[in-house]
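What follows is each chain in one-letter form.
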Amino acid sequence: MSKVLLQTKSLSKSYKMGATRLKVLNEIDIAVKYGEFVTIVGASGSGKSTLLHLLGALDKPDSGKVLFQEEDLSKLSSSALNRYRNSKVGFVFQFYHLINELNVLENILMPAMAYCSAIQWLRVGGKYKKKAMELIEKLGLQDRAKHKPYQLSGGERQRVAIGRALINSPALLLADEPTGNLDWSRGQEILSIFSQLHQQGQTIVMVTHDQRVAQKADRSIVLSDGRITE
Amino acid sequence: MFNVKLALKYFLKKPISWLATLAVAISVFVVLVVMTVMHGLVVDYINKTHATVGDVIVYSDSLVGFPYYDRLLGEIDKQNFVEAASPVIKSFAMLSVAGGNRGLGVNLVGIEASSYNQVTEFKSSLYRKIDNDKIFTPYFDSKKSGCIRGILIMNSKNYQGKFTHNPLIFEKLILTCFPLSYKGTLLKAASGIVDSKSYYVANDSDTGLASVDSSTIYIPFTDAQMLCGMDSTIKRASAIYIKIKQGESLGECVDKISQLVQRMKEQNENDKFSMLLRNVRVEDWKTYKRESIAPMEKEQAMLTALFLLIALVTVFVIFVVFFMLVHHKLRDIGILRSVGISVFKINGLFLLFATMIAIAGTTIGALGGWFFLRYINNLEGWLFREFGWQLWNRTIYDIGEIPHDIQTEVLCVIIICSLVASLLGAFFPVFNVSRRDPVKLLSVDQ
């Protein structure tokens, strides 16, 4: 039986909506094992993106814990949290969230570069550039390395975002509706990339509202009104 | 490494960065030009006023003048803190051109060229550079009497809108005065009530003070004494201008000269001319010219307050520009935070970006200001030449030319303020937003 990589315990989150508080997540307990491909499905507003943000430490829960490799994220210092976001997890957003001023190669290299001083980069930059070029090739972007995000199609942008998420070889890949902004065929291309990554042993948690996408995963967690229903 | 790269990309690739650079440049340009011109006007006026009267002035406010000036002058010259001293006659005259019927009221100043040029900077105001002993010698005939005319008197503007000296001038001027006795009554009666003398223009004087240059005729001291009746009964002068040695305290010198004047008053208190000494005063140049300097100093204080307001508005504009710039980049900050880049590094990135804008904007603004100020008088001349329009009419405003010398300290203050304003303008919004949870920044709709 493989070990648990990520676990939540009684995870709750609410947002203030005027005078009232809207409970988005209510006592969520999930566990994701190493190498697993898990989808979180549910209707719009069910809290699946919020859950993913909490797993990626992009937001803070009201109560409960997120344990990554048995370490409580709420106990981490801000620099340790930065390190977690930078190299332990990779995030793929629905709207790609690339930096328009940087080209494909630079966008992919960004998380690696950001953690290096100029001198360190002289030492390790070559290694990362090689890795980035491998990812670019793997993602079918070899002719696009010097292109800016606005010169790419939606599918190509999402592939750049996947490359950026993978540059630091994270243990966990989090994807928030990665095909939600793409047409069916582009979406399938992206899903096949995720399938390949999963086959290579990458742990993936993906949020989707599309059951056809969910079928590609090992298992699905269904959220409804902030609770796990399946 | 990453910070420098991204900051450079933001700076070079974003039109909003160019707009921000332009905003900083315009702010620096405006403040530099306004401060140089307005501050220069005040300082220039005060310096030029000082240059016309020396450091300490012994004077009588009576048109009759005061006696024993030559003895007093001798005493003053003996003082070791005195560089030079010169007697001056100041009165009024009517000026007319020979053959014409135009009468113009002017201030008549009688000077001893040699000592007057030591005390004041009169010589540098003259168009024709000439030795002291020939200062009143007309161009065409050295045997005739000559006078020096303020450049704005009966002169015309050239194509650049400036009043210029005509070296080939052949103009005979008649000066008419009312000579007064030591009692203050008219010295002459009936048809000989006035004293008149003809002069040829020997030179023009441009002190840079329109009030002086538009109304003053300079003639030899002895001529003025004669025309004003100050050579009758007892010789008199209107004032003694004194220049003190460098490093001497002006206040102490005024006190010491006051003691000399007081002693002279006491020595002659039973004299029949003693009443003429009662009005004799000793003042430093600032007090003597307070009627014209005080409003300028007040104006300078007001200008300083206005400059502060301009500077405040400029700082605010820069702050707003950077605030908008940072808010324009909220999504990018969210992306950077989501890939684990620290708040500290993000702050550094935007401060670097702000520094680039500030340096570029300040450099462009300062160079633009320098270039504009360098040619501001040419530009004004061109406007006059082409459109007959002059920004500062020289007969109304007391300036020779528009001040254009940039003061190093003013420039340094402007550069520092611009850099600080830009950095603060970027720091506060970045510091504020970079601490937010990444998800909040990423959800911003841009």
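Residues numbered from 1 in each chain as written. Chains lettered and ligands numbered in written order. Predicted model: local features only at pLDDT ≥ 70, side-chain atom pairs only at ≥ 80, totals over all residues.

### Here's the deal with the sheet that holds strand β11 (residues 227-228) of chain A
Residues and elements named next belong to chain A. Counted only if it meets this: A strand pair is defined by DSSP finding two or more bridges across the two strands. Starting at the N terminus, helices and strands are each numbered in turn, a helix being any DSSP run of H or I of at least four residues and a strand any DSSP run of E of at least two. A residue pair is marked as a contact if its C-beta atoms, positioned from the backbone, fall within 7 Å. Orientation is described by axes fitted as lines to C-alpha atoms, over the contacting stretch for helices, and by angles from 0 to 180 degrees between their N-to-C directions.
One open sheet accounts for six strands, arranged β7-β8-β9-β4-β10-β11; its pairing is mixed. Each having just a single partner strand, β7 (89-92) and β11 make up the two edges of the open sheet. Bridge analysis of strand β4 (residues 37-42) against strand β9 (residues 203-208) gives five bridges, and the strand direction is parallel. Its bridge partner lying in β9, V41 is registered against T208. Sheet strands touched by helix α6 (residues 184-199): β4, β8 (172-176) and β9. Its angle to β9, the strand with the most contacts, is close to 150°.

### Looking at the domain arrangement of chain B
Convention followed: Boundary definitions for the domains trace back to an automatic or database domain assignment.
Under the domain assignment, chain B is made up of domain 1 (2-46 + 294-442) and domain 2 (62-278). A separation of 49 Å is found between the C-alpha centroids of domain 1 of chain B and domain 2 of chain B.

### Quick notes on the packing of helix α3 (residues 69-78) of chain B against helix α7 (residues 250-267) of chain B
Residues and elements named next belong to chain B. To keep it simple, the criterion reads: Crossing handedness follows the turn of the near helix against the far one: under a right angle anticlockwise gives a left-handed crossing, and clockwise gives a right-handed one.
Close contact between α3 and α7 brings their axes to 11 Å; oriented N to C, the two are set at 145°. Note that α3 runs across α7; the crossing there is right-handed. Counted together, L72, E75 and I76 of α3 and I257, L260, V261 and M264 of α7 form the full contact between these two elements.

### Topic: the interface of chain B and chain A
For clarity, the cut-off: Three categories are distinguished: nonpolar for Ala, Val, Leu, Ile, Met, Phe, Trp, Tyr, Cys and Pro, charged for Asp, Glu, Lys and Arg, and polar for the others, with Gly belonging to the last.
Counting residues at the interface gives 18 residues for chain B and 22 residues for chain A. For the side of chain B that touches chain A, the elements supplying multiple residues, two or more each, are α1 (2-13), α11 (330-338) and α15 (438-442) of chain B. At five residues, the largest contribution of residues to the side of chain B that touches chain A is made by α1(B). Classifying every residue of the side of chain B that touches chain A gives 10 nonpolar, three polar and five charged.

### As for the packing of helix α3 (residues 104-114) of chain A against helix α5 (residues 154-166) of chain A
A pair of packed helices is characterised by two quantities: the angle between their axes and the separation of those axes. All names here are of chain A. Going by this rule: Geometric relationships in this document are graded by angle, where less than 35 degrees denotes roughly parallel, more than 145 denotes roughly antiparallel, 65 to 115 denotes roughly perpendicular, and other angles denote oblique.
At their nearest, the axes of α3 and α5 sit 7 Å apart, and the two run at 30° to each other. Taken as axis vectors, α3 and α5 run roughly parallel relative to one another. Considering how the two elements wind past one another, α3 and α5 form a crossing that is right-handed. From α3, V104, N107, I108, M110 and P111 reach across to α5, where they touch V160, G163 and R164. Residues of the contact of α3 with α5, tallied by class, amount to five nonpolar, two polar and one charged.

### Considerations on helix α2 (residues 15-53) of chain B
Note the cut-off: Expected helix span is given by 1.5 Å per residue-to-residue step, counting one fewer step than there are residues. What the bend at a residue measures is the angle between two axes, fitted to the seven residues ending there and to the seven starting there.
The terminal C-alpha atoms of α2(B) lie 57 Å apart, and with 39 residues this matches the ideal 57 Å at 1.5 Å per residue to within 8%. B:G40 marks where α2(B) bends most, by close to 25°.

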